[in-house]
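One letter stands for each residue in the lines below.
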Amino acid sequence: MKLRAILISSSAVVLSSCGNLQSMLAPGGPAADNLAHLGWFVFVLFLVIAVIMWGLIAWVSLRRRGSFQHHQPVDAGGGQNWILIGGFAIPFVILAVVFVSGLKGMSVFPLHGHAGTPPDIRVTGHQWWWQIEYVKGPAHERFITASEIHIPVGQPVDIDLTSIDVIHSFFVPRLHGKVDLIPGQMNRIRIQASTAGVYRGQCAEYCGAQHAHMILYVVADPPEAYQRWRTTQMQEAPEPASDQEKRGQALFLERPCATCHTVRGTMAGGRVGPDLTHFGSRLGLASNAYWNNDANLSAWVTHAQALKPDVVMPNITQFRGNELHDIVAYLRQLR
Ligand code: CUA
């Protein structure tokens, strides 16, 4: 009894967390609604067919019990017509219905469609993080961020997908199906969220050691909040205010950090790792493998290779005194 209670409660925890965070069965937008409806329709249809088939098998096996010596040839009394009806006509009709429902879903919200118009966002897959470029509008409205996409609620957003190294796959189950990020190729996905909230996504194509830690958040904001976010992201990094943050900035610029990371408005212009201009505003770090807080950031700077082995980010250990605290304070105020 105890084991059963544990199993039920743990599966309830798993299911409820999936429902809130990352489940195709909890659609959060029109495209995912379509897919969920189609999934349930096919599931129920095939359940009904399976029950009918089990009934027929039971009926046949009971009906002829003990009478095998009196069997008729299969073609007696139109027996072969039943092969045509049951083996061809009925499956044809059922599969045609499923096929047409699938096509209908695809035309409402195509998975690869709407190419040819300029995208709102370009996403480039890296081992193991997502580069996010807002490419719509004039040059001063464009900006780069990482592993967290903001979209306005209720509006379709077109995203172009490509990769710089290996094949990755863009999959935010509550918003749409998956589309691959392929080096040298541009794919397109259109997402839309019906309600404000955070939608968790995950790289869905094995891409190396840290594939499982290649997480993406799509944050659907109400229109005013989205505009505020955009306006902030377009700007250069805020100037450090306190002495500690200023010391942190100096350290950031003279240590290896600036070789790989960009902070717009400073000398740091590295392109290897994520753009950190507004790093402090993001939910997670290391492609959302960890929440963005002081403790995790300290650990990440000094022990990246332990938290996410094989990642490009090296362990940065040559800090003295309060230097680590200074650099963390600087990075965290980049909002
Ligand atoms: Cu990127 Cu798996």
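Residues numbered from 1 in each chain as written. Predicted model: local features only at pLDDT ≥ 70, side-chain atom pairs only at ≥ 80, totals over all residues. Heavy atoms only, no water.

## What about the packing of helix α7 (residues 294–307) against helix α8 (residues 323–332)?
Then comes step 1: Relative orientation of the contacting elements α7 and α8 amounts to 115°, with a least axis distance of 10 Å. The way α7 lies across α8 gives a crossing that is right-handed. Between α7, through Asp294, Leu297, Ser298, Val301 and Thr302, and α8, the contact on the second element is made entirely by Leu324, Val328, Leu331 and Arg332.
Then comes step 2: Counted by class, the contact of α7 with α8 contains five nonpolar, two polar and two charged residues. (Axes fitted to C-alpha atoms, helices over the stretch in contact; angles between N-to-C directions. Helix = DSSP H or I, 4+ residues; strand = E, 2+ residues; numbered from the N terminus. Left-handed = near helix turned anticlockwise from the far one by under 90°. Contact = heavy atoms within 4.5 Å. Nonpolar A, V, L, I, M, F, W, Y, C, P; charged D, E, K, R; others polar.)

## Some remarks on the side chain of Gln233
Then comes step 1: Looking at the element boundaries, Gln233 is found in helix α4 (residues 223–234).
Then comes step 2: For Gln233, the side chain forms a polar contact with the side chain of Ser281, separated by 3.3 Å.
Then comes step 3: Those residues in contact with Gln233 that sit more than four places away from it in its chain are Phe143, Thr145, Arg264, His278 and Ser281. (Polar contact = N/O pair within 3.5 Å; in protein donor to acceptor, adjacent residues only side chain to side chain.)

## Quick word on the packing of helix α5 (residues 243–254) against α8
Then comes step 1: Following both chains from N to C, one finds α5 and α8 inclined at 95°, their axes separated by 7 Å at the closest point. Classed by the angle they form, the pair α5 and α8 counts as roughly perpendicular. The residues of α8 that touch α5, namely those facing Gln244, Glu245, Arg247, Gly248, Gln249, Leu251 and Phe252, are Glu323, His325, Asp326, Ile327, Ala329, Tyr330 and Leu331.
Then comes step 2: In terms of residue class, the contact of α5 with α8 is built from six nonpolar, four polar and four charged. (Parallel < 35°, antiparallel > 145°, perpendicular 65-115°, else oblique.)

## Points about the pairing of strand β1 (residues 121–126)
Then comes step 1: In terms of burial, β1 is largely enclosed, as five of its six residues are buried.
Then comes step 2: In this structure, β1 lies alongside strand β2 (residues 129–134), joined through six bridges in antiparallel fashion. The residue bridging Ile121 from the neighbouring strand is Tyr134, located in β2.
Then comes step 3: In this antiparallel pair of consecutive strands, β1 and β2, the connection spans two residues.
Then comes step 4: Looking at chain direction, β1 and strand β5 (residues 157–163) are connected through five bridges and run parallel. Counterpart to Gly125 in the pairing with β5 is Ser163. (Buried < 20%, exposed > 50% of the residue type's maximum accessible area, 1.4 Å probe, protein only. Pairing = 2+ DSSP bridges.)

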